[in-house]
Amino acid sequence: MASDAAPVRFLRGVNVLDISEGVAGPFCAKLLSDMGADVVKVERPGSGDPSRQIGPFLNGLADPEMSPSFFFLNTGKRSIELDIYDEDSKSTLHQLIKKFDVVISSNTDSTLENHDLGFESLRMTNPKVILTTVTGFGSFGSHSHYHSSHLISCAVGGWAQLCGTPDREPLQAGASVTQTLTGAYAAVATLLAVQGRNSHGNGEHVDVSAQESVLAGAQLPTLFYEYQGLTPERYSSVGSGAGGAFMLPTSEGYIGLNALTAPQWVMLCDFLGCRDIAENPYYAGVSWRNPDHRVEEIRAIFQEALKDRTAEELFHEAAVRRVPFGLVPTLSDLFELPPHKERSFFTELVHPTAGPVSIPGIPFKTTAGEFEIGRSPLLGEHTDEILSEAANASRDAGVAPPSGNASALPLTGLRVVDLSMFFAGPVGAQILADAGADVIKVESVQRIDGWRGAGTDSGSELPSWESSPYFNWVNRSKKDITLNLTDPRGQDILKELVRQADVVIENYTPRVMANFGLTYDVLKEIKPDLIMLSLSGFGADNSWSDYTAFGMSTEQFSGLSHLTGYVDDAPLFTGMTGGDLYSGVIGAWGLLSALNHRTSTGEGQHIDLSQIEACNLYLGDLMTTWSLSHVDPGRMGNSRFSEIPQGIYPCANNRWIAISCLTDEQWDTFMDELGIINWTLDTVHDEIKAWTASKDHIELMDYLQDLGIPAGAVMNGPELLADKHLRDREAFILQDRPILGEKHYPGQPYRFKFAETVANMRAPFLGEHTEEILLDLVGLEAEQLKELYDDDVIGTVPIAAR
């Protein structure tokens, strides 16, 4: 695209009123703005969004126009000062809603309704309004009134249970990633509602829960309990997979040694000159979910093998041998990472007060054009022009009433060919499938999805490749076909599927689709308006494009590993599923934005997404902090940028509770409850520990929340399954897999008032729908199928298992 061409705006015509505060809601609205929506930020008169007061600030001097958090979370928005709870302002707000008919709020619907701003009230003004409420526990359920924070979300969503080491307290993940993850899910859910409205004209209430967003990214604690009776404890100095994963110091920097599959474990050991570990029966029974002393023996052996080597030279040598090592960059390192620089990932914005500031940009390239991200607004900068728009909106004759079936799944009629494997691509495809898209997953008997081999010790009579909790969760609502894409007949069938599809998703390194002869340039000749999403580890067209990456390494490359751990100690894994979930949700955001663009223009496109860019986007506030003030907080344990202490404290029966007061008033109430008159930072944590130590963690959570004190029990798998609030919200989907039986799978972390949320079809068996698709969709004859079976172009049993 020529440099003087107009920037592409996928969400042109989508008008958003952002009345949210905090992180999750503003991040949701930011993602919509970055894709071209017109977003108006409504701020408190005089003081603005409270995030304007969040530092760290340059030279320690607070300036509401220099907050890195506000700067990043509000790119491209216009700002109006308006008290939405003032009676005189409500008429202006309702006038605005006639034009700005997507509203993002960080309050529950019931709280908004107390001020005549709930969904039903907004519908009276505009029947087509979409209200997205983004809160800690959702707008309904027994805990919907509970306070939340990043620390609390880590506790109640299953991450803190697995983050940390056995001899110390559980930990939060670094940065505010639970909140940005929630915001990303909210953006996706909002775009699904927009897609639905494009079809039927109706408004929608989208309700998003941070607890459920975090649960979606947890290391499947509920499923491992149901599948295998396991309740793992924290040991996140190692990663969990079919092989092990460590982050170890080298002579220069930390290196991530990662093995997601059993073959990768052999490759890792071989690379380090430790092949005997992979072959020694003594180490064969090591459990990476419930580690024992042998893990520490392996750590010591690997550490010795790294002697006198730098992280960077180890990474590149391993990459050549296709072993997925990862670097653990600092915030400053990330700005210098070669793929980021070669793809111009970071965007420099010029701000009237802050001057030039570099922030994470759009984590994908597209054939549709180039994006342009706008700077964050000054407080009230656009008040007059927005009030003028409100006045004009008030003179409109009114909004046309909707028509159509609002209960239909929003992506009904969309067909997706899903070539992706493991987790990142399948997460994006799962979101589309749950929303009603006809998703056809393509595997082969030569190479089944590697996720089928993960976590398969279920004791079931099912073949191992049909009993993986990972695969069975992330591939629900899809159909499955096997095709050998190295065979011309398999390629021809795939091309026919693409001819009848709207979307193709793949997460190979770029060379693989070229080897298949199935690049975007080939496929768009077959289907000109095709949208193709490629989610490779490092993106295309850079010096690292052909390097292999998986969730553990993308988490390391994101900066999150650098930020997760105890103060002055080594980096730790977060206790969740790694970078894949972050990438998959961002991929869905890009796809749904591209679908909106195609609806308006008829144009298809190729989206080239970099997973390490997508993961870094979730840390954008801290990347902006480095750019603005050159502060890198490093590993902060359970602390944060606040003078109010917070932490995770011991309770009875070796359980734990997170306590995270957000205001001075909440902290004062807490101190009164403990009977502490004068507290100091040196002693208060010990005093809190003494008070919590004898109490039940879940009862204490409820007690403190009833006092208005933000608290969250650190919950494990069985506790999450038994949680009344999650049951109230139907957070788990009960699905019966033949032979394996009924299991509760985490659903999407959002609910629609009118549309169904999940198509709810169990994950497919290998090749289960091959014959149906080839006969009914592709138009083959029965005798052709026999030949394809005989030649292993199609099949239902992996060749390796025969």
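These remarks concern the structure in this document. These numbers were taken from a predicted model, which means no experiment stands behind them.

What counts, and where the lines are drawn
Every residue gets a number counted from 1 within its own chain, in the order that chain's sequence is written. With pLDDT at 70 or above as the cut-off, local features in this predicted model cover only qualifying residues; side-chain atom pairs require 80 or more to be listed or tallied, and sums for whole chains, interfaces and linings still use all residues. Processing note: side-chain calculations cover all non-hydrogen atoms of the structure and skip hydrogens and water entirely. Note on classification: 1.4 Å probe, protein chains only; a residue is buried when its accessible area is under 20% of the maximum for its type, exposed when over 50%, partly exposed between these limits. Each helix is a run of DSSP H or I of at least 4 residues and each strand a run of E of at least 2, with the numbering of both proceeding from the N terminus. What the arc describes is the spread of directions from the helix axis to the C-beta atoms. In what follows, residue pairs with any heavy atoms lying within 4.5 Å of each other are defined as contacts. In the sections that follow, a salt bridge refers to a side-chain nitrogen of Lys or Arg positioned within 4 Å of a carboxyl oxygen of Asp or Glu. We call Phe, Tyr and Trp rings a pair once their centres come within 6.5 Å, taking the six-membered ring for Trp, and we label the pair stacked below 30 degrees between planes, edge-to-face above 60, and tilted otherwise. Charges are assigned to positions over rings by a cutoff of 6 Å between ring centre and Lys NZ or Arg CZ, combined with an angular limit of 35 degrees from the ring normal. Paired strands are those between which DSSP finds at least two bridges. Helix axes are fitted to C-alpha atoms over the stretch in contact, other axes to C-alpha atoms as well, and angles between N-to-C directions run from 0 to 180 degrees. Like charges within 9 Å and nonpolar side chains (Val, Leu, Ile, Met, Phe, Trp, Tyr) within 5 Å are joined into patches, using only residues over 30% in relative accessible area that form no salt bridge. The method behind every accessible area is Shrake-Rupley, applied with a 1.4 Å probe, and residues are considered shielded solely by the protein chains displayed. Positive charge is attributed to Lys and Arg, negative charge to Asp and Glu, and no charge count is given to His or to the chain ends. Lysine's charge is taken at NZ, arginine's at CZ, aspartate's at CG and glutamate's at CD.

**Things to note about helix H27 (residues 620-629)**
With respect to burial, H27 is a largely interior element, 9 of its 10 residues being buried. Every buried residue of H27 is listed here: Gly620, Asp621, Leu622, Met623, Thr624, Thr625, Trp626, Leu628 and Ser629.

**Quick notes on helix H33 (residues 770-778)**
Regarding H33, the residues found buried are Thr770, Ile773, Leu774, Leu777 and Val778. Here the buried residues of H33 occupy an arc of 110 degrees about the axis, which is enough to place them on one side. In this structure, the buried residues of H33 make contact with strand S14 (415-418), strand S15 (438-443), strand S16 (478-482), helix H20 (488-499) and helix H34 (782-790). Phi for Gly779, located one or two positions after H33, is positive at around 90 degrees.

**Points about the pattern of salt bridges**
With the rule as written, the count across this model stands at 55 salt bridges. A salt bridge links Asp49 to Lys41; its shortest N-O distance comes to 2.6 Å. Take Asp49 and Lys41: they sit in the same class, and that class is buried. Residue Arg489 is joined to Glu787 by a salt bridge in which the shortest nitrogen-to-oxygen separation is 3.0 Å. Here Glu787 lies in helix H34 and Arg489 lies in helix H20, a separation of 298 residues in the sequence. Three or more residues are tied together by salt bridges with common partners; here these are Asp38, Arg78, Lys99, Glu385 and Glu389.

**Brief notes about the packing of aromatic side chains**
By the definition in use, this model includes 37 aromatic pairs. Between Phe246 and Phe302 the ring centres are 5.8 Å apart and the planes differ by 85 degrees, which places this aromatic pair in the edge-to-face class. Note that Phe246 is positioned in strand S8 (residues 245-249) and Phe302 in helix H13 (residues 293-305), a separation of 56 residues in sequence. For Phe246, a relative accessible area of 0% corresponds to the buried category. Look at Phe302 and you get buried, because its relative accessible area is 0%. Where Phe315 meets Phe557, the ring centres are 5.3 Å apart and the plane angle is 70 degrees; that geometry is what we call edge-to-face. In this pair, Phe315 is assigned in helix H14 (residues 311-320) and Phe557 in helix H23 (residues 551-558), connecting sequence segments 242 residues apart. Both residues of the pair, Phe315 and Phe557, belong to the buried class. Grouped by ring-pair contacts, the aromatic residues Phe224, Phe422, Phe423, Trp451, Tyr470, Trp473 and Phe550 constitute a single cluster. Sitting over the ring of Phe70, Arg52 keeps its end group 3.7 Å from the ring centre. When the ring centre of Tyr566 is taken as origin, the NZ or CZ atom of Arg168, which lies over that ring, is 4.0 Å away.

**Looking at the sheet that holds strand S1 (residues 15-18)**
Hydrogen bonds between backbone groups are what pair the strands of a sheet, and the pairing can be parallel or antiparallel. What the 7 strands build is an open sheet, ordered S3-S2-S1-S4-S5-S6-S25; its pairing is mixed. The open sheet is flanked by strand S3 (78-81) and strand S25 (750-752), the only strands paired with a single partner. Neighbour to neighbour, the strand axes of the sheet diverge by 20 degrees on average, direction disregarded. In this structure, S1 lies alongside strand S4 (residues 102-105), joined through 3 bridges in parallel fashion. Counterpart to Leu17 in the pairing with S4 is Val103. On top of the sheet, helix H8 (residues 210-217) reaches strand S5 (130-135), strand S6 (204-209) and S25; it is set at about 60 degrees to S6, its chief contact.

**Quick notes on a negative patch on the surface**
Taken together, the side chains of Glu643, Asp664, Glu665, Asp668 and Asp672 make up a negatively charged region of the molecular surface. Secondary-structure assignment places Glu643 in the loop between H27 and strand S20 (646-650). Residue Glu643 is classed as exposed on the basis of its relative accessible area, which comes to 78%.

**Structural notes on the environment of Leu535**
Looking at the secondary structure, you find Leu535 in strand S18 (residues 531-536). Separated by 28 residues in the primary sequence, Leu535 and Asn507 have C-alpha atoms spaced 4.4 Å apart. Ignoring any residue separated from it by four or fewer positions in sequence, one finds Leu535 in contact with Ala424, Gly425, Ile505, Glu506, Asn507, Ser583, Gly587, Leu609 and Gln611.

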